[in-house]
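Structural overview
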Amino acid sequence: MSKKINQAPRGTRDILPDEQVYFSYIEKIFESVVNSAGFRKLYTPAFEDTNLFVRGVGKGTDVVEKEMYTFNDKSGNSLTLRPEGTAPVVRAYLEDGMQSWPQPVKLYYYMPMYRYERPQAGRYREHWQFGFEMIGDKDPIADVAIISTASRIFKKLGLIDQVNVQLNSIGCQNCRPKYLKELKEYYGLNLKKVCVDCKRRYETNPLRLLDCKEAKCQPLIEEAPQSINFLCDDCHKHFKETLELLDEIGTNYEINPRLVRGFDYYTRTVYEFWTQTDGYALGGGGRYDRLVEILGGKPTPALGFSSGVDRIVEELKKHPEIVINQESAADVFVAQIGEEARKSCLKLLNGLWDQGIRAEGCLDKGSISEQLSMANKLKTKLTLIIGQKEAFDETVIIKEMDSGNQEIYPHEKIIQEVKKKLK
Ligand code: AMP
């Protein structure tokens, strides 16, 4: 097989400048919403000790069983490219002494994730997620704060009418075993009817039986026992209060008794944000009250939410009515003609950049009309033109691109005049 050195690996892609506009739009809105809600940013390493995910996410999960990029480094350590953000954030919480910070600790990230999945629309082997986590709060108010903050992000993105919030409670370590026993009994009687993957899930991760997308498994899912009917008193109270508080602040949701999440660490409240049209998950999360303990800390309740940026970009593109704040690549273009003018152009560009003005210039020998059409493409507000005469006179023509007005200014007044016009 020939190695394609001029192609990105399957399931990965370059995110080019036009696409970056969407990525930056999403990041800006995400950051402004979570910053106002008191979350602070962190980055974790792109790879971690493999056991972090095996222990944290869970052995029987699809991610750990089939999707991790795991490799040995030269010292023989088993490392894994980060497939999700929560386990690394909790590892950082423990390692970096955040247990002694005022609780809850509220953190957020915007990072790429790596999963060896079958590439298709909206499913990549490298994809970006934004996420936020609240560690150290057991109250249903925290559940509501996370769900409503996620809703606010979608609202600010202009997508709130395109998503619906699916909500469920999958109980805790006290009530879940009883539910899983019932679920396994039910499936045990019907194992012949399920797909190959569900036969495996039955053994390794029975909760995920409810998550199967195969048509032949749907009738069984419909009739399956539901976790909300098996909640212990504490989990029941927690879920009830969460729903009441959501109603009180007017956050919309739908209870979905079949919603389960892909990772073992989830407890109690779980949620996903689906597209209205095709029920495609744009984001999801939930409580993970045992994860801190599983990773070696003292029992600490926690919860969070994460969302797939690539999928949100695709959703935004389906809605051209949503105005993305498309910034032009530059505000000023400097065009020149002649050897002397080229030197003036370089000096002028440096002066503009020093002042933080976004400027572009053409320093090769393109014709003036080629340069003006480049300025048009960049959608700059102003074009500064230095011809041979201007280079000799030490002047510059300022052309306002919207009105077409042109005026001549001496060199020393240019920066000041450009700033005035850009205001
Ligand atoms: P998860 O924690 O698996 O629910 O992932 C969180 C979000 O990331 C999902 O709701 C998706 O929007 C997105 N996502 C997960 N896997 C992929 C993938 N392979 N490619 C693109 N987006 C993904």
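Keep in mind that this is a model prediction, so the values were computed, not measured. Per chain, residue numbering runs from 1 following the sequence as it is written. pLDDT decides what is reported in this predicted model: residues at 70 or higher carry local features, side-chain atom pairs at 80 or more are listed and counted, and totals for whole chains, interfaces and linings draw on all residues regardless. Side-chain calculation: all heavy atoms of the structure are included, whereas hydrogens and water are not.

Okay, the site of the ligand next. For the ligand, the set of nearby residues contains 15 residues, the closest of which are R115, E117, Y124, R261 and A281. Contacts described as polar in this section are N or O atom pairs within 3.5 Å, which, within protein, must combine one atom able to donate a hydrogen with one able to accept it, while residues neighboring in sequence count only if both atoms come from side chains. Between E117 and the ligand, the recorded distance is 2.6 Å, taken from a side-chain N or O atom to a nitrogen atom. Between the ligand and R261 there is a distance of 2.9 Å, counted from an oxygen atom to a side-chain nitrogen or oxygen. In the complex, 92% of the free accessible area of the ligand, which totals 470 Å², lies under the protein chains. For the purposes of this entry, the term helix denotes a DSSP run of H or I that reaches at least four residues, the term strand denotes a run of E that reaches at least two, and both are numbered from the N terminus. Those elements that provide at least two residues to the shell around the ligand are β6 (126-135), β10 (281-287) and β11 (302-308). Counting residues per element, the shell around the ligand draws most heavily on β10, at three residues. Under the scheme applied, nonpolar residues are Ala, Val, Leu, Ile, Met, Phe, Trp, Tyr, Cys and Pro; charged residues are Asp, Glu, Lys and Arg; polar residues are all the others, including Gly. For the shell around the ligand, the per-class residue count stands at four nonpolar, six polar and five charged. Note on definitions. A residue lies near a molecule or strand when any single heavy atom of the residue is within 4 Å of it. Note on areas: these come from Shrake-Rupley sampling with a 1.4 Å probe, and a residue is covered only by the protein chains present in the view.

To continue, consider the domain arrangement of the protein chain. The split of the chain into domains comes from an automatic or database domain assignment. According to the domain assignment, the protein chain consists of domain 1 (17-175 + 231-317) and domain 2 (332-422). Each of domain 1 and domain 2 was reduced to a C-alpha centroid, and the two centroids are 48 Å apart.

Take the sheet that holds strand β4 (residues 78-81) next. Neighbouring strands of a sheet are bound in pairs by backbone hydrogen bonds; such pairs are parallel or else antiparallel. When DSSP locates at least two bridges between a pair of strands, those strands are taken to pair. Taken in spatial order, the three strands of this open sheet run β2-β4-β3, and their pairing is antiparallel. Edge positions in the sheet fall to β2 (47-49) and β3 (70-72), since each of these pairs with one other strand and no more. Ignoring strand direction, the axes of neighbouring strands in this sheet form an average angle of 35°. In the sheet, β3 pairs with β4 via three bridges, with the strands oriented antiparallel. Among the inter-strand pairings, T70 is bridged to a residue of β4, identified as T80. Simply put, an axis is a line fit to the C-alpha atoms, just over the touching stretch for a helix, and the angle between two N-to-C directions goes from 0 to 180 degrees.

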